[in-house]
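One letter stands for each residue in the lines below.
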Amino acid sequence: MYQVFISGLPYTASENDVQSLFEDCGEILSIKLPRYQDSNRLLGYGHITFNDSDAIQKALALNGSQLGGRYIDVKEAKGTQTQKPSVPPPECHTIFVKNLSYDLNADQIGDSFRPCGKVANVRMVYNTVTNNFKGFAYIDFEDHQSVIKALQMNGKKVHGRQVQVDFDIKKPKAGFRYSTKQVEQQNKYNKEYQEIQKKKIKKEKAVQKVNKIKNFAETQKQISAQRNKQQI
C-alpha cells in the first residue's frame with residue numbers, strides 16, 4: 001500500500017483542499033481525515049493512499065508546504081495499523097449518519113434506527129453559532145450486532161433523504177455538550193443525561209433571574225441616591 005501520513009492540517013480544511021494540494025503527485029485512491037464527533041472539524045492529521053510508489057516520492061517532496069496558512073508535515077506511513085478497520089471491531093457500538101433532514105429531532109432519528117437494535121443515545125451535531133442541526137448525528141447502540149444491522153441502512157432513505165451510514169470507533173470529546181435544543185426536544189433516549197441538563201439549565205435561569213433582580217435593585221439605589229443629592 002502506497003500511503004503517506006500528513007499532520008498539521010488546519011481544522012477547517014476539507015478533503016477537497018487536501019486533494020488539490022496532492023493531486024499532481026499521482027492518482028489518489030483515498031483520503032482519510034479523522035474528525036471530531038461534535039464539531040466535525042478535522043483532528044489535524046490523516047492518510048493519503050496513492051496508486052504507485054512514484055506518487056509517494058512526489059508527495060514527500062511537499063513536506064513543509066502551506067495549506068490554509070499552516071505548514072504541514074508529510075511522512076511515509078508506517079503501515080496500516082493507524083487506519084480505520086474495514087469492519088467494525090467487536091467493541092464498536094456507534095454509527096455515524098450523514099445527510100439527515102435538518103428538521104428532524106433526536107427521537108425521530110433514534111426511531112428510524114430502532115429496528116436495528118436498542119438505541120442507547122442519539123448525539124445530534126448543531127452549528128455553534130446558529131444552533132441549527134447540521135444534518136449528521138451519532139447513534140450509540142447497546143450492543144455490537146445492532147451496529148452491523150444499522151450499516152445495512154447505508155444508502156437507504158430516512159424521512160425522505162438518502163443517508164450515509166458508517167461505524168465510528170472514536171469517543172466523544174471530553175468537553176462535548178449536548179445542545180440545549182436537543183435536550184429540550186429529546187424525550188426517549190439518554191433520559192438520565194437529559195434530566196441532568198434540564199436541572200443545569202434551570203439553575204442557570206435561576207441565577208440569571210437573581211442577577212437581574214440584583215441589578216434592578218442596584219439601579220434603583222443609584223437613582224435614589226442621585227435624587228437625594230439633587231434635593232440637597
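In this report, the structure presented in the accompanying data block is examined. (Residues numbered from 1 in each chain as written. Predicted model: local features only at pLDDT ≥ 70, side-chain atom pairs only at ≥ 80, totals over all residues. Heavy atoms only, no water.)

1. Here's the deal with the overall build of the chain
Defined as follows: Put simply, DSSP H or I for four residues or longer makes a helix, DSSP E for two residues or longer makes a strand, and each gets a number counted from the N terminus. Per-residue accessibility, obtained with a 1.4 Å probe over protein chains only, is compared with the maximum for each type, and a residue is labelled buried under 20%, exposed over 50%, and partly exposed between these values. Residue contacts are defined here by distance: any two heavy atoms, one from each residue, within 4.5 Å place the two residues in contact. Computed with the Shrake-Rupley method and a 1.4 Å probe, the accessible areas treat only the protein chains shown as cover for residues.
Broken down by element type, the chain carries six helices and twelve strands. Burial statistics for the chain: of 232 residues in total, 36% are counted as buried. Of the contacts made within the chain by residues no fewer than 6 positions apart, 67% connect residues no fewer than 24 positions apart. Carbon and sulfur atoms make up 48% of the accessible area of the chain, which totals about 14500 Å².

2. Brief notes about helix α2 (residues 53-60)
Heads up, the condition is: As used here, the arc is the angular range of directions from the helix axis to the C-beta atoms.
All of the buried residues in α2 are Ala55, Ile56 and Ala59. In an axial view of α2, the angular spread of the buried residues amounts to 105 degrees, which keeps them on one side of the axis. Along α2, the residues that are exposed and aim more than 90 degrees away from the buried face are Asp54 and Gln57. Of the surrounding secondary structure, the elements contacted by the buried residues of α2 are β1 (2-7), α1 (15-22), β3 (45-50) and β6 (73-76).

3. Comments concerning unusual backbone geometry
The phi torsion at Asn99 lies on the positive side, around 65 degrees, for a residue other than glycine. In this model, His159 sits at a positive phi of 50 degrees, which is unusual for a non-glycine residue. In this structure, His159 sits in the loop between β10 (157-158) and β11 (161-162). For His159, a relative accessible area of 46% gives the class partly exposed.

4. Some details on the nonpolar core
Using the following cut-off: Within this scheme, the nonpolar core is defined by two criteria: the residues are buried Ala, Val, Leu, Ile, Met, Phe, Trp, Tyr or Cys, and they are joined through side-chain atoms within 4.5 Å.
Grouped together as the largest cluster of nonpolar side chains are 25 residues, with contacts concentrated most on Ile95, Leu100, Ile109, Phe113 and Phe141. Breaking this core down by element, the ones donating at least two residues are β7 (94-98), α3 (106-113), β8 (119-126), β9 (133-141), α4 (144-150) and β12 (164-168). With 18 residues, the next largest nonpolar core counts Leu9, Ala13, Leu33 and Ile72 among its residues.

5. Re the pairing of β3
Note the cut-off: For two strands to count as paired, DSSP must find a minimum of two bridges between them.
The element β3 is largely enclosed, with a buried count of five among its six residues. Across six bridges, the pairing between β1 and β3 is antiparallel. Its bridge partner lying in β3, Phe5 is registered against His47. Relative to β3, strand β2 (residues 28-32) runs antiparallel, the two sharing four bridges. Looking at β3, one finds that Ser30 is bridged to Thr49.

6. Looking at the pattern of salt bridges
To keep it simple, the criterion reads: By definition here, a salt bridge exists when the distance from a side-chain nitrogen of Lys or Arg to a carboxyl oxygen of Asp or Glu is within 4 Å.
All chains considered together, the criterion is met by three salt bridges. Close ionic contact of Arg35 with Glu15 constitutes a salt bridge, the shortest N to O distance being 2.9 Å. Here Arg35, found in the loop between β2 and β3, pairs with Glu15, found in helix α1; they are 20 residues apart in sequence, far enough to count as distant. Where Asp140 meets Arg123, a salt bridge forms, and the shortest distance between an N and an O atom there is 2.8 Å. Here Arg123 lies in strand β8 and Asp140 lies in strand β9, a separation of 17 residues in the sequence. For Asp140, a relative accessible area of 14% corresponds to the buried category.

7. Concerning the environment of Lys98
Locating Lys98 in the fold gives a position in strand β7. With 40 residues separating them along the chain, Lys98 and Tyr138 place their C-alpha atoms 9.1 Å apart. The contact partners of Lys98, leaving out residues within four places of it in the chain, are Gly135, Phe136, Val163 and Gln164.

8. Focus on the packing of aromatic side chains
Threshold: Only the six-membered ring of Trp is used, alongside the rings of Phe and Tyr, when aromatic pairs are assigned; centres must lie within 6.5 Å, and planes under 30 degrees apart are stacked while those over 60 apart are edge-to-face, with the rest tilted. Both a distance and an angle decide whether a charge sits over a ring: NZ of Lys or CZ of Arg must be within 6 Å of the ring centre and within 35 degrees of the ring normal.
Summed over the entire model, instances satisfying the criterion amount to four aromatic pairs. Ring plane angle 55 degrees and centroid distance 6.0 Å describe the contact between Tyr126 and Phe133, whose orientation is recorded as tilted. A network of ring pairs unites the aromatic residues Phe96, Phe136 and Tyr138 as a single cluster. Note that Arg70 overlies the ring of Tyr11, its terminal NZ or CZ placed 5.5 Å from the centroid. A cation over an aromatic ring shows up here: Arg161 above the ring of Tyr102, its NZ or CZ 5.3 Å from the ring centre.

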